[in-house]
Amino acid sequence: MTILGIEQITYGVTDLETCRRFFADWGMKEVAHDETRARFETLNGCTVLVADASDPSLPVAFEAGPTLREVTWGVAAREELDVLRERLKGQPGYYANDEAVGCYDPAGMAIRVEVTRRREIDVKGSPSNVWGQTLRVDQPSPIYERAEPVEVGHVVFFTNCLAEQEAFYHDLLGFETSDRYPNRGAFMRCAPHGGHHDLFLLALPDGKKGLNHVAFTVRDIHEVFGGGLHISRCGWTTQLGPGRHPVSSAYFWYFKNPAGALIEYYADEDVLTPEWQPRDFEPGPTVFAEWAVDGGLDGNTRRQKNAQAPEGKFMTERKQ
Ligand SMILES: [Fe+2]
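Everything numeric in this text was worked out from a predicted model, so none of it was measured.

**Student:** I keep staring at the coordination of the iron ion and nothing clicks. Help me out?
**Tutor:** When a metal carries six donors in an octahedron, the ideal angles between them are 90 or 180 degrees, while four donors in a tetrahedron ideally lie at 109.5 degrees. The protein atoms that coordinate the iron ion are His154 (NE2), His213 (NE2) and Glu264 (OE), at distances spanning 2.0 to 2.2 Å. Counting gaps between the donor residues of the iron ion yields the pattern H-x58-H-x50-E. One end of the pair, His213, is in strand 16 (residues 210–217); the other, Glu264, is in strand 19 (residues 262–267), with 51 residues separating them in the sequence. The same class applies to His213 and to Glu264, which are both buried.

**Student:** What's the story with helix 2 (residues 78–88) in this structure? I'm lost.
**Tutor:** Helical geometry note: an α-helix holds 3.6 residues per turn, so side chains three or four residues apart project in the same direction. The complete set of buried residues in helix 2 reads Glu80, Leu81, Leu84, Arg85 and Leu88. The buried residues of helix 2 occupy an angular sector of 155° when the element is viewed end-on, so they sit on one face. Exposed and facing more than 90 degrees away from the buried side of helix 2 are Glu79 and Glu86. Tucked into the core, helix 2 has its buried residues touching strand 5 (67–75), strand 6 (95–96), strand 7 (100–104), strand 8 (110–115) and helix 3 (162–172). Two residues or fewer after helix 2 comes Gly90, characterised by a positive phi angle close to 95°.

**Student:** Mind showing me how you'd approach the nonpolar core here?
**Tutor:** Burial of nonpolar side chains together is a common tendency in soluble globular proteins. Tyr11, Phe23, Val48, Leu68, Trp73 and Phe157 are the most contacted members of the largest nonpolar core, which has 60 residues in total. Per-element tally for this core: the top contributor is helix 1 (residues 16–26), with 5 residues. Counting 9 residues, the second-largest nonpolar core is a separate cluster that includes Phe158, Phe200, Leu202 and Phe281.

**Student:** What is the right way to read helix 1 from this model?
**Tutor:** Across the 11 residues of helix 1, 8 count as buried, placing the element largely inside the fold. Gly27 sits one or two positions beyond helix 1 and adopts a positive phi of about 105°.

**Student:** Explanation requested: the pattern of salt bridges in the structure shown.
**Tutor:** One side chain can pair with another of opposite charge once the charged atoms of both are near each other. Taken as a whole and assessed by the stated rule, the structure comprises 19 salt bridges. Two residues, Glu86 and Lys89, come together in a salt bridge whose shortest N-O distance is 3.3 Å. On the accessibility criterion, Glu86 (53% relative accessible area) is exposed. Put simply, Glu290 and Arg244 hold a salt bridge, and the shortest N to O gap is 2.8 Å. Of the two residues, Glu290 is situated in the loop between helix 5 (285–288) and strand 22 (291–292) and Arg244 in strand 17 (residues 238–244); the sequence distance between them amounts to 46 residues. What makes Glu290 partly exposed here is its relative accessible area of 44%. Among the ionic contacts, a cluster of salt bridges with common partners joins Glu7, Arg118 and Glu151.

**Student:** Help me understand the pairing of strand 5, please; the structure alone is not making it clear to me.
**Tutor:** As a general feature of sheets, a regular strand has side chains that alternate between the two faces. A large share of strand 5 lies buried, amounting to 9 of its 9 residues. Pairing between strand 1 (residues 5–13) and strand 5: 7 bridges, direction antiparallel. Directly across from Gly12, in strand 5, lies its bridge partner Thr67. Summarising the sheet, strand 5 and strand 8 pair through 6 bridges and their orientation is parallel.

**Student:** Can you walk me through the packing of aromatic side chains in this structure?
**Tutor:** Aromatic ring pairs are described here by two measures, namely the spacing of the ring centres and the angle between the planes. Inspection of the entire model under this criterion finds 20 aromatic pairs. Ring geometry for Tyr254 against Phe288: centres 6.1 Å apart, planes inclined by 25°, an arrangement best described as stacked. Residue Tyr254 is located in strand 18 (residues 251–256), and its partner Phe288 is located in helix 5; the two are separated by 34 residues in the primary sequence. For Tyr254, a relative accessible area of 3% puts it in the buried group. Among the residues examined, Phe288 registers a relative accessible area of 36% and is labelled partly exposed. Taken together, the ring pairs connect Tyr11, Phe22, Phe23, Trp26, Phe40, Phe216, Trp236, Trp253, Phe255 and Tyr265 into an aromatic cluster.

**Student:** Would you explain the side chain of Glu114 in this entry?
**Tutor:** Relative to the helices and strands, Glu114 is located in strand 8. Owing to a relative accessible area of 13%, Glu114 belongs among the buried residues under this scheme. With residues near it in sequence (within four places) discarded, Glu114 still touches Thr72, Trp73, Gly74, Val75, Leu81, Glu99 and Ala100.

**Student:** What should I look at first to understand the sheet that holds strand 21 (residues 279–280) in this one?
**Tutor:** Across the sheet, which stays open at both edges, the 10 strands sit in the order 21-12-13-15-11-16-19-18-17-22 with mixed pairing between neighbours. Each edge of the open sheet is held by one strand with a lone partner, namely strand 21 and strand 22. Most of the contacts of helix 1 go to strand 19, to which it runs at about 10°, and overall it touches strand 16, strand 18 and strand 19. The sheet strands contacting helix 4 (residues 221–233) are strand 17, strand 18 and strand 19, and the helix crosses strand 18 at an angle near 20°.

**Student:** Any chance you could explain the sheet that holds strand 3 (residues 37–41) here in plain terms?
**Tutor:** In a beta sheet, neighbouring strands are held together by backbone hydrogen bonds and run either parallel or antiparallel to one another. The mixed open sheet is built from 8 strands, whose spatial order is 2-3-4-1-5-8-7-6. Strand pairing shows two members of the sheet lacking a second neighbour, strand 2 (29–33) and strand 6, which therefore form its edges. Direction of pairing for strand 7 relative to strand 8: antiparallel, over a ladder of 5 bridges. If you follow Val101 over to strand 8, its bridge partner there is Val113. Strand contacts of helix 2: strand 5, strand 6, strand 7 and strand 8, with the helix running at about 30° to strand 7, the strand carrying the most contacts.

Procedures and definitions
- Residues numbered from 1 in each chain as written.
- Predicted model: local features only at pLDDT ≥ 70, side-chain atom pairs only at ≥ 80, totals over all residues.
- Heavy atoms only, no water.
- Donors = N, O, S within 2.8 Å, 3.2 Å for Na, K, Ca; no water.
- Helix = DSSP H or I, 4+ residues; strand = E, 2+ residues; numbered from the N terminus.
- Buried < 20%, exposed > 50% of the residue type's maximum accessible area, 1.4 Å probe, protein only.
- Arc of directions from axis to C-beta.
- Contact = heavy atoms within 4.5 Å.
- Core = buried A, V, L, I, M, F, W, Y, C linked by side-chain atoms within 4.5 Å.
- Salt bridge = Lys/Arg side-chain N within 4 Å of Asp/Glu carboxyl O.
- Pairing = 2+ DSSP bridges.
- Phe/Tyr/Trp six-rings, centres within 6.5 Å; stacked < 30°, edge-to-face > 60°.
- Axes fitted to C-alpha atoms, helices over the stretch in contact; angles between N-to-C directions.

And the structure:
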């Protein structure tokens, strides 16, 4: 039994129309909507369901306000659901039917597992020409006017029961821990071979639990920057970025999400195998971000916030 990744993210929100506008700007395709909910897709068919927080069909919220209400994980085949039916039996909120099996995790986040509906797609990022390896020849690298996320890549929770959470995802769902902040955080991937983390669990000193962010994978670093500039032009607020994480090596840009907490574009994360040895890190600002732009870039001037917009055809024409 191997979890393949995130199938669906379900938000319970207090301002559906604003969230619909946000996810359209974010680069998602709206595939259905009515007065109480809207469904969006990434390029590979991962879905984001945005529903009115008062919708009685949503699982119980694990914190107040607009937030994540459920994470749906995918498996390859129905037989794998049978394995999970046995393993998850007895967990709080357990249910199983022909389509899915689900329960609440130890922190109270609803999880659901289904056979994947994600599509194989022919989408490739632009390779970088690095010293010793030139993979891009006679081919400029792209400039993106906006992002089109490929998939939902990972989710990050604040947890009040880190050890129980890590054991739940490892023992019952088969996740591996890629790296740790000892007693404070665990970066976990769904399978021994895969991207650095599909789930990151972080324990805060005050014991608060809740959503930290949901991250969307884009093709390459240029799409992180082009997507972020577009979101900035649309008037949404940067929390931090662009920047780069030392743990996972990924480039990131975080925005405030009207559907709850933060949302991230990222690209170029480490890919791990069973050979990988988990590392321990001491938490700190330089471990979270090797570097980052505080407040983001202005999507119109394409400079840091409050910088003078360029004028003239060449930088040398700027008035002194
Ligand atoms: Fe992230």
